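# Topology and contacts: notes
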Amino acid sequence: MSSLRNSVQLIGHLGADPEIKNLESGAKVGRIRIATTDRYKTASGEWKDDTQWHNVSGWAGVAEQMEKYLKKGSHVVIQGKLVHNEYVDAQGVKKYFTEVKANTIMMLDKRQHDEANGQDIGAVAMNDSESDGLPF
């Protein structure tokens with residue numbers, strides 16, 4: 001490998017409807033939380049589920065598609081990169097958080113019906129129009 005890239009792929013379900021914000025700059029950002037679950041067998045033979053929650057952001061075209069197509073429970077594939085952020089809270093304490101910046105979101109739901117125009121949108125891919133040119 002000549003170079004390594006920051007790349008993440010997650011498959012999971014949305015825990016709530018997307019949160020969409022229009023920023024003063026005119027940019028649009030969408031935020032979702034998805035749950036991924038790994039299943040494993042313990043030494044005693046009992047099956048256990050390990051669920052992890054992931055914060056995901058999508059900008060521009062991805063945010064628009066999140067708003068249009070996603071809802072609580074949607075089954076999706078997220079492809080993007082890990083981003084580490086920081087901010088200062090109201091008490092002046094610096095806080096840190098990590099999220100996935102989505103470049104592509106693909107719906108995996110077997111069939112969904114877009115009531116707005118009557119089209120079947122079962123496998124819509126939502127791509128960031130401002131991506132770095134990568135195919136995912």
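On a predicted model such as this, the values are computed, not experimentally measured, just so you know.

### So, the overall build of the protein chain
Across its full length, the protein chain holds one helix and nine strands. A burial count over the protein chain gives 32% of its 136 residues as buried. Considering only intrachain contacts with a sequence separation of at least 6, the fraction spanning at least 24 residues in the protein chain is 57%. With the model as given, the accessible surface of the protein chain reaches about 9,100 Å², and the carbon-plus-sulfur share is 47%.

### Let's talk about unusual backbone geometry
The backbone of Ala60 sits at a positive phi, close to 50 degrees, despite the residue not being glycine. If you trace the backbone, Ala60 turns up in the loop between β4 (47-59) and α1 (61-69).

### Thoughts on the environment of Val76
By the element assignment, Val76 lies in strand β5 (residues 75-88). Counting along the chain gives 32 residues from Val76 to Leu108, while the straight-line C-alpha distance between them is 5.2 Å.

### Describing the nonpolar core
One recurring pattern in soluble globular proteins: nonpolar side chains tend to sit buried together. Membership of the largest hydrophobic core comes to 16 residues, with the highest contact counts inside it found for Ile32, Ile34, Val56, Leu70, Ile78 and Ile105. Of all the secondary structure elements, the ones that give two or more residues to this core are β1 (8-14), β3 (28-41), α1, β5 and β6 (94-107). When residues in this core are grouped by element, the largest group, four residues, is from β6. Ignoring sequence-local partners within four residues, the contact set of Ile78 consists of Val8, Gln9, Leu10, Ile32, Ile34, Val56, Val100, Ala102, Thr104 and Ile105.

### A short note on the environment of Ser74
Take Ser74: it is sitting in the loop between α1 and β5. Through-space distance from the C-alpha of Ser74 to that of Leu14 is 5.4 Å; in sequence the pair is 60 residues apart. Within polar-contact distance, the side chain of Ser74 engages the backbone oxygen of Lys71 at 2.9 Å.

### Observations concerning the side chain of Lys28
Its location among the elements puts Lys28 in strand β3. Polar side-chain contacts of Lys28 include one of 2.8 Å to the side chain of Glu67. Sequence-distant contacts of Lys28, defined by excluding residues within four places in its chain, comprise Ile20, Lys21, Asn22, Gly58, Trp59, Ala60, Ala63, Glu64 and Glu67.

Calculation notes
Residues numbered from 1 in each chain as written. Predicted model: local features only at pLDDT ≥ 70, side-chain atom pairs only at ≥ 80, totals over all residues. Heavy atoms only, no water. Helix = DSSP H or I, 4+ residues; strand = E, 2+ residues; numbered from the N terminus. Buried < 20%, exposed > 50% of the residue type's maximum accessible area, 1.4 Å probe, protein only. Contact = heavy atoms within 4.5 Å. Areas by Shrake-Rupley, 256 points an atom, 1.4 Å probe, with all protein chains shown as cover. Core = buried A, V, L, I, M, F, W, Y, C linked by side-chain atoms within 4.5 Å. Polar contact = N/O pair within 3.5 Å; in protein donor to acceptor, adjacent residues only side chain to side chain.

Any link to function would need more than the numbers given here.
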